[in-house]
Amino acid sequence: MSERLEPGDVAPEFSLPDADGQQVSLSDYRGRKVIVYFYPAALTPGCTKQACDFTDNLQLLSTAGYEVVGVSPDKREKLAKFREKEDLSVTLVGDPSKETMTAYGAFGEKKLYGKTVTGVIRSTVIVDEDGKVERALYNVKATGHVAKLIKDLRLEP
């Protein structure tokens with residue numbers, strides 16, 4: 001089981017390809033807050049709902065100083081298809097090796113329909129301007145998570 005991050009921890013650095021094949025690194029966001037969310041698979045119902053919720057609220061989050069990066073184990077071609085099909089404007093990056101997910105505590109054992117399986121743990125980590133973990137949320141729900149996050153961050157419009 002990978003270690004879960006706690007507030008105050010230094011967020012693990014990553015450099016992963018986005019849907020266009022461009023490298024996106026955590027260090028690119030230094031000086032800004034970034035919401036890094038981990039989801040199991042592009043083009044699935046729950047992950048689509050979550051990505052659309054982030055896209056629909058991107059202006060509000062952005063105005064409040066937050067960038068959003070979604071991380072899944074998908075290859076860039078699938079991410080590009082996901083982005084186009086759902087008209088997503090959040091940055092999507094692929095982590096096929098699952099190294100970044102593991103470093104963030106977002107890959108490991110989880111319960112699925114009562115069975116213990118190994119896979120992506122739907123998680124959200126908010127990284128502050130200095131690269132430190134502000135919040136680390138694990139086993140979040142795909143539906144309603146973004147609304148709850150906005151409420152918890154007191155960003156309601």
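Residues numbered from 1 in each chain as written. Predicted model: local features only at pLDDT ≥ 70, side-chain atom pairs only at ≥ 80, totals over all residues. Heavy atoms only, no water.

### Concerning the overall build of the protein
In terms of helices and strands, the protein carries 5 helices and 9 strands. Each helix (α) and strand (β) of the protein, taken in turn from the N terminus, gives the series β-β-β-α-α-β-α-β-α-β-β-β-β-α. For 157 residues, the compact-globule estimate of 2.2 N^0.38 gives 15 Å, and the C-alpha radius of gyration of the protein, at 14 Å, lies within 12% of that figure. On the principal axes, the C-alpha backbone points of the protein span a range of 40 × 35 × 30 Å. (Helix = DSSP H or I, 4+ residues; strand = E, 2+ residues; numbered from the N terminus. Rg over C-alpha atoms; globule rule 2.2 N^0.38 Å.)

### Some details on the packing of aromatic side chains
Evaluation of the coordinates by the stated rule reveals 5 aromatic pairs. Ring geometry for Y37 and F54: centres 4.4 Å apart, planes at 25°, overall stacked. In this pair, Y37 is assigned in strand β3 (residues 33–38) and F54 in helix α1 (residues 45–56), connecting sequence segments 17 residues apart. In this structure F54 comes out as buried when scored by relative accessible area, which is 0%. Ring plane angle 40° and centroid distance 6.2 Å describe the contact between Y39 and F82, whose orientation is recorded as tilted. Of this pair, Y39 sits in the loop between β3 and α1 while F82 sits in helix α3 (residues 76–86), and the two are 43 residues apart along the sequence. With respect to burial, Y39 and F82 carry one shared label: buried. (Phe/Tyr/Trp six-rings, centres within 6.5 Å; stacked < 30°, edge-to-face > 60°. Buried < 20%, exposed > 50% of the residue type's maximum accessible area, 1.4 Å probe, protein only.)

### Details of the nonpolar core
I35, Y37, Y39, F54, L61, V68 and L92 are the most contacted members of the largest nonpolar core, which totals 25 residues. Breaking this core down by element, the ones donating at least two residues are β3, α1, α2 (58–63), β4 (66–72), α3 and α5 (145–152). Per-element accounting of this core gives the leading share, 4 residues, to α1. Those residues in contact with L92 that sit more than four places away from it in its chain are P17, D18, A19, Y37, Y39, G70, L79, F82 and R83. (Core = buried A, V, L, I, M, F, W, Y, C linked by side-chain atoms within 4.5 Å. Contact = heavy atoms within 4.5 Å.)

### A word on unusual backbone geometry
Its identity is not glycine, yet D87 carries a phi of approximately 55°, on the positive side. Tracing the backbone shows D87 in the loop between α3 and β5 (91–94). Positioned with a positive phi, N139 is a non-glycine residue whose angle comes to about 55°. Structurally, the position occupied by N139 is in the loop between β9 (133–138) and α5.

### Some words on α3
Those residues of α3 lying buried are L79, A80 and F82. Along the axis of α3, the buried positions cluster into a sector of 160°, meaning they face one direction only. Among the exposed residues of α3, those oriented more than 90 degrees off its buried face are K81, E84 and K85. Looking at the packing, one finds that the buried side of α3 touches β1 (15–17), α1, β4 and β5. Positive phi shows up at D87, right after α3, with a value of about 55°. (Arc of directions from axis to C-beta.)

### Section: the environment of A136
When you line up the elements, A136 lands in strand β9. For the pair A136 and I126, spaced 10 residues apart in the sequence, the C-alpha separation amounts to 6.4 Å. Non-local contacts of A136, meaning those with residues more than four positions away in its chain, are made with L5, T124 and V125.

### Observations concerning the side chain of T100
In this fold, T100 is placed in helix α4 (residues 99–103). When residues no more than four places from it in sequence are discounted, the contact partners of T100 are F14, L16, F38 and D95.

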